[in-house]
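Single-letter residue listing:
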Amino acid sequence: MMVQRSVVFLLVLMVIFVGCGEEIADDEDKAVKDLVKDEVLVEDEVLVEDEVVADPEKKITWEKDGSKMVLIPGGSFQMGDHLDKMPNALPVHKVELDGFYMDSHQITVGQFKRFLKESGYKPEAVKGGWEINRFWNEVEKDSPADKHPVIYVSWNDATAYAKWAGKRLPTEAEWEYAARGGRVGKRYPWGDDEKVVRDYANYKRTGGRDKWDRTAPVGSFKPNGYSLYDMAGNVWEWCADWYDENYYSKSPLRNPQGPSSGSTRVLRGGHWTSGTLTLRVAYRLSNTPNRRLNPNSGFRCVSDSLP
């Protein structure tokens, strides 16, 4: 009798244990399924969000003129500099900019030839009395091949090219921000070290990587932090702005466009015959918009969006 009762008791315990085990297993299984379901939902939401807000392409090729362009991310920086011999770069002031695309190289002789052929535009040198053959003869003296930067271009010429290509010239603030390449408070696009200038710039005389006593083919030197080439040296680059020596004292915080009027336009970056002073990222120069500035003036373009 005692044995029978023990067997029954054991059987009851086993039923209870198995039943509880099934409940526990069922609960755990349900919890896991819920968790997986939640994770799938979250992942799906992220995927949908990524499809809606896709990251912009960092590097593109502009179809109209074949330029390689890089995305310059929006942000803020301190524009200007306290360095000596640069009174027109004061006061140093904060500027905030939206993102934009910039040509990674200066516009070349080959690209400008294509522009003239397809648009029928006549350079100001030609309008001013030069024959087109003389214009190209002068260009070839210092920019002898299609991969060299175009020179003898006025601000008006550069603006006409940018319009044809569906782009525009950079503002002075955009140019300086891009030239700094993400570096804070530095003198040159690569930093403050003047010993390495020849690695990054074609300027007065030759030495090191700089073996050209005239213009160098674009992209012959190391790029800056934004993958932009020749932001110092080779040729001056026209900017969109009218020039005002005192503009920095009244410049708006966000996306400054320069003065509303003036007599000269801004140039930046130095050139192949200049010393290191004009290679500084904050150095400002200007000239009349119809002036070709001899063989030293060129340009690059920017765009606010993809083509």
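Before reading further, recall that the structure is shown in the block above.
Residues numbered from 1 in each chain as written. Predicted model: local features only at pLDDT ≥ 70, side-chain atom pairs only at ≥ 80, totals over all residues. Heavy atoms only, no water.

## Quick notes on the overall build of the protein chain
Within the protein chain, the secondary structure is distributed over seven helices and 10 strands. Taken across its 307 residues, the protein chain has 46% of its residues classed as buried. Counted over contacts in the protein chain with a minimum sequence separation of 6, partners at least 24 positions apart contribute 71%. Of the roughly 16,100 Å² of accessible surface on the protein chain, 54% is carried by carbon and sulfur atoms. (Helix = DSSP H or I, 4+ residues; strand = E, 2+ residues; numbered from the N terminus. Buried < 20%, exposed > 50% of the residue type's maximum accessible area, 1.4 Å probe, protein only. Contact = heavy atoms within 4.5 Å. Areas by Shrake-Rupley, 256 points an atom, 1.4 Å probe, with all protein chains shown as cover.)

## Quick word on the sheet that holds strand S8 (residues 285-287)
Spatially, the four strands line up as an open sheet ordered S8-S7-S6-S9, and their pairing is mixed. Where the open sheet ends on each side, the last strands, each with one partner, are S8 and strand S9 (297-298). The sheet contact formed by strand S7 (residues 265-268) and S8 spans three bridges and is antiparallel. Bridging from a neighbouring strand, Arg265 pairs with Asn287 of S8. (Pairing = 2+ DSSP bridges.)

## Thoughts on the packing of aromatic side chains
With the rule as written, the count across this model stands at 15 aromatic pairs. Ring plane angle 65 degrees and centroid distance 5.7 Å describe the contact between Trp212 and Phe221, whose orientation is recorded as edge-to-face. Pair check on accessibility: Trp212 and Phe221 agree, each one buried. Aromatic ring contacts, followed pair by pair, group Phe112, Phe115, Tyr121, Tyr161, Trp164 and Phe299 into a single cluster. Between Arg198 and the ring centre of Tyr203, over which it is positioned, the NZ or CZ distance is 3.9 Å. Cation over ring: Arg265 sits above Trp155, and NZ or CZ is 3.8 Å from the ring centre. (Phe/Tyr/Trp six-rings, centres within 6.5 Å; stacked < 30°, edge-to-face > 60°. Lys NZ or Arg CZ within 6 Å of the ring centre and 35° of its normal.)

## Focus on the sheet that holds strand S1 (residues 59-61)
Spatial strand order, S1-S2-S5-S10: four strands in an open sheet with antiparallel pairing. At either end of the open sheet lies a strand with only one pairing partner, and these are S1 and strand S10 (302-303). When S1 meets strand S2 (residues 68-72), the two strands line up antiparallel, connected through three bridges. The partner of Lys59 across the bridge, within S2, is Val70. Contacts between helix H6 (residues 172-180) and the sheet are confined to S2, strand S5 (100-103) and S10, with S5 contributing the most and set at about 75 degrees to the helix. (Axes fitted to C-alpha atoms, helices over the stretch in contact; angles between N-to-C directions.)

## Focus on the pairing of strand S4 (residues 93-97)
Only one face of S4 is covered, namely the face carrying His93, Val95 and Leu97; the face carrying Lys94 and Glu96 is uncovered. With five bridges joining them, strand S3 (residues 75-79) and S4 adopt antiparallel strand pairing. Counted as the bridge partner of Ser76 is Glu96 from S4.

## A short note on the pattern of salt bridges
This structure, assessed with the given rule, holds 21 salt bridges. The partner of Arg187 in a salt bridge is Glu194, and the shortest N-O contact between them spans 3.7 Å. Salt-bridge contacts for Lys250 lead to Asp244; the nearest nitrogen and oxygen are separated by 3.1 Å. Accessibility expressed as a relative area gives 53% for Lys250, which makes it exposed. (Salt bridge = Lys/Arg side-chain N within 4 Å of Asp/Glu carboxyl O.)

## Quick word on the nonpolar core
Ranked by internal contacts, the top residues of the largest apolar core, which has 40 residues, are Phe112, Phe135, Tyr161 and Phe299. Contributions of two or more residues to this core are made by S2, helix H2 (109-119), helix H3 (124-127), helix H4 (132-142), helix H5 (155-165) and strand S6 (236-242). Element by element, the count of residues in this core is highest for H5, at six residues. When near neighbours in sequence (up to four residues on either side) are disregarded, Tyr161 contacts Asp65, Ile107, Gln111, Phe112, Phe115, Phe299 and Cys301. If you look at the next biggest cluster of nonpolar residues, it comprises 23 residues, including Leu97, Met231, Tyr243 and Val281. (Core = buried A, V, L, I, M, F, W, Y, C linked by side-chain atoms within 4.5 Å.)

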